[in-house]
Amino acid sequence: MVALIFSLSVHESAHAWTSNYFGDDLARLQGRISLNPMAHVDPIGTLLFPAMAFFTGAPLIGWAKPTPVNPFRWRNKRVANFWVSIAGVICNFMIAIVAAIIMRVLAAAKLIVLVPARYGVAAIPTNESIIVEGGAKLLTVFLVLNVALGVFNLIPIPPLDGSKVLQSILPPSFEPGFEALERFGFILLILAMFTGVFGVIFAVIMPIAMRILFVGAYFQ
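All values reported here derive from a predicted model rather than from experimental measurement.

**Q** Can you explain the overall build of the protein chain? Please cite residues and give values.
**A** Across its full length, the protein chain holds 9 helices and 2 strands. In the protein chain, the succession of helices and strands from N to C terminus is α-α-α-α-β-β-α-α-α-α-α. Relative to its length of 220 residues, the protein chain is compact, with a C-alpha radius of gyration of 19 Å against a globular reference of 17 Å. The dimensions of the protein chain, computed from C-alpha atoms along their principal axes, are 55 × 40 × 35 Å. The proportion of buried residues among the 220 residues of the protein chain is 40%. For the protein chain, the proportion of contacts with a sequence separation of at least 24, taken over those separated by at least 6, is 66%.

Rendered as structure tokens:
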């Protein structure tokens, strides 16, 4: 929960800061450029669903309150749409990179060992210190969670960030198609979830991302 709430707060705050940078102060005026979780918590997506996953062992699904933006106030709308949409994903990947660097430093100091895991890499403490054990678990969660959040949000299905990124790259003639697709976005997300599409994507992308982050690292 600590890793999830912090990561979602950074993600949404990045959207808000970037939108403000391009001339839209709506999110800033609502206090969304903040790492205070209370500014971003959604009772259902940030608290209820993760709690259900924790107590039942179901797959973790969570989200924060969407960051409000007013595209009509952006300077250079297509450029702003790209950077505002991808800002949260970039921050998730940055958190994952920082976690990977710390894990590699701790592994070099013999405080932890790195072992392959289902969706990436896990840090295992080499001693019985509660601090080292807690730090190893937290770093592992930060790493895997933020790579997963980044990958998930890049999927080009509305309302995920990837659809906005793709929309800003493709010619304006595609915009009516994206607007029509938005009406069925949640249905497509549910279908992708229950048909195993997301599982296939994560099974392919996550190992590749971990190999990049831990290139040259020694594994037990």
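Further notes follow.
**Q** So what's going on with the packing of aromatic side chains? Residues and values would help.
**A** Aromatic rings considered in pairs are described by the distance between their centres and by the relative angle of their planes. Under the defined criterion, the tally for this structure stands at 5 aromatic pairs. Here the aromatic rings of F82 and W83 are separated by 5.0 Å at their centres, their planes lie at 90 degrees, and the arrangement is edge-to-face. Each residue in the set W17, Y21 and F22 is aromatic and connected to the rest through ring pairs, giving one cluster. Stacked on the ring of F72, the Lys or Arg K77 has its end atom at 5.6 Å from the ring centre.

**Q** Would you mind going over the environment of R32 in detail, with residue names and values included?
**A** Checked against the element boundaries, R32 lands in the loop between α2 (26-29) and α3 (43-56). With 23 residues separating them along the chain, R32 and S9 place their C-alpha atoms 8.9 Å apart. Ignoring anything within four residues of it in the chain, the contact list for R32 reads E12, S13, A16, A27, A39, H40, K65, P66, T67 and P68.

**Q** How would you explain the pairing of strand β1 (residues 112-117) if you had to name every residue and give the values?
**A** Of the pairings in the sheet, the one linking β1 to strand β2 (residues 120-125) comprises 6 bridges and is antiparallel in character. When the bridges of β2 are listed, L114 appears paired with A123. Taking the residues between adjacent antiparallel strands as the criterion, β1 and β2 are bridged by 2 residues.

**Q** Before we move on, could you go through the nonpolar core and cite the residues and values that matter?
**A** M103, L143, V147, M210 and F214 are the most contacted members of the largest nonpolar core, which totals 39 residues. Every element with two or more residues in this core is listed here: α1 (2-21), α4 (77-108), β1, β2, α5 (130-153), α8 (185-194) and α9 (197-213). With 10 residues, the top contributor of residues to this core is α5. Here V147 is in contact with F93, A96, M206, A209, M210 and L213, once residues within four sequence places are set aside.

**Q** Which residues make up α4, and what are the values?
**A** Its 32 residues give α4 an end-to-end C-alpha distance of 46 Å, which sits within 8% of 46 Å, the value for a rise of 1.5 Å per residue. The largest bend along α4 reaches roughly 40 degrees and is located at A87. One or two positions beyond α4, positive phi appears at K110, with a value near 65 degrees.

**Q** Tell me about the pattern of salt bridges, and name the residues and values.
**A** Under the criterion given, the structure shown has 5 salt bridges. The partner of R28 in a salt bridge is D25, with the nearest N and O atoms 3.6 Å apart. In this structure, K137 and E133 form a salt bridge, with 3.4 Å as the shortest nitrogen-oxygen distance. With K137 and E133 both in helix α5 and 4 residues apart, this pair spans about one turn of that helix. Note on K137: relative accessible area 52%, which makes it exposed.

**Q** Would you mind going over the side chain of N146 in detail, with residue names and values included?
**A** Relative to the helices and strands, N146 resides in helix α5. Polar contacts involving the side chain of N146 include one to the main-chain carbonyl oxygen of F142, which spans 2.8 Å. Contact partners of N146, with chain neighbours within four places excluded, come to S7, N92, F93, I95, A96 and V141.

**Q** So what's going on with a nonpolar patch on the surface? Residues and values would help.
**A** A cluster of nonpolar side chains, namely I44, L48, F49, M52 and W63, defines an oily patch on the protein surface of about 430 Å² accessible area. Within the element layout of this structure, I44 appears in helix α3. The partly exposed category is assigned to I44, whose relative accessible area is 40%.

**Q** Before we move on, could you go through the environment of L111 and cite the residues and values that matter?
**A** Among the secondary structure elements, L111 is positioned in the loop between α4 and β1. Between the alpha carbons of L111 and K77 there is a distance of 48 Å; along the sequence they are 34 residues apart. Once you skip the residues sitting within four places of it in the chain, L111 turns out to touch L106, I124, P125, T126, N127 and V132.

Conventions used here
Residues numbered from 1 in each chain as written. Predicted model: local features only at pLDDT ≥ 70, side-chain atom pairs only at ≥ 80, totals over all residues. Heavy atoms only, no water. Helix = DSSP H or I, 4+ residues; strand = E, 2+ residues; numbered from the N terminus. Rg over C-alpha atoms; globule rule 2.2 N^0.38 Å. Buried < 20%, exposed > 50% of the residue type's maximum accessible area, 1.4 Å probe, protein only. Contact = heavy atoms within 4.5 Å. Phe/Tyr/Trp six-rings, centres within 6.5 Å; stacked < 30°, edge-to-face > 60°. Lys NZ or Arg CZ within 6 Å of the ring centre and 35° of its normal. Pairing = 2+ DSSP bridges. Core = buried A, V, L, I, M, F, W, Y, C linked by side-chain atoms within 4.5 Å. Expected span 1.5 Å × (residues − 1). Bend = angle between axes of the 7 residues up to and from the residue. Salt bridge = Lys/Arg side-chain N within 4 Å of Asp/Glu carboxyl O. Polar contact = N/O pair within 3.5 Å; in protein donor to acceptor, adjacent residues only side chain to side chain. Patch = residues over 30% accessible without salt bridge, like charges linked within 9 Å, V, L, I, M, F, W, Y side chains within 5 Å. Areas by Shrake-Rupley, 256 points an atom, 1.4 Å probe, with all protein chains shown as cover.

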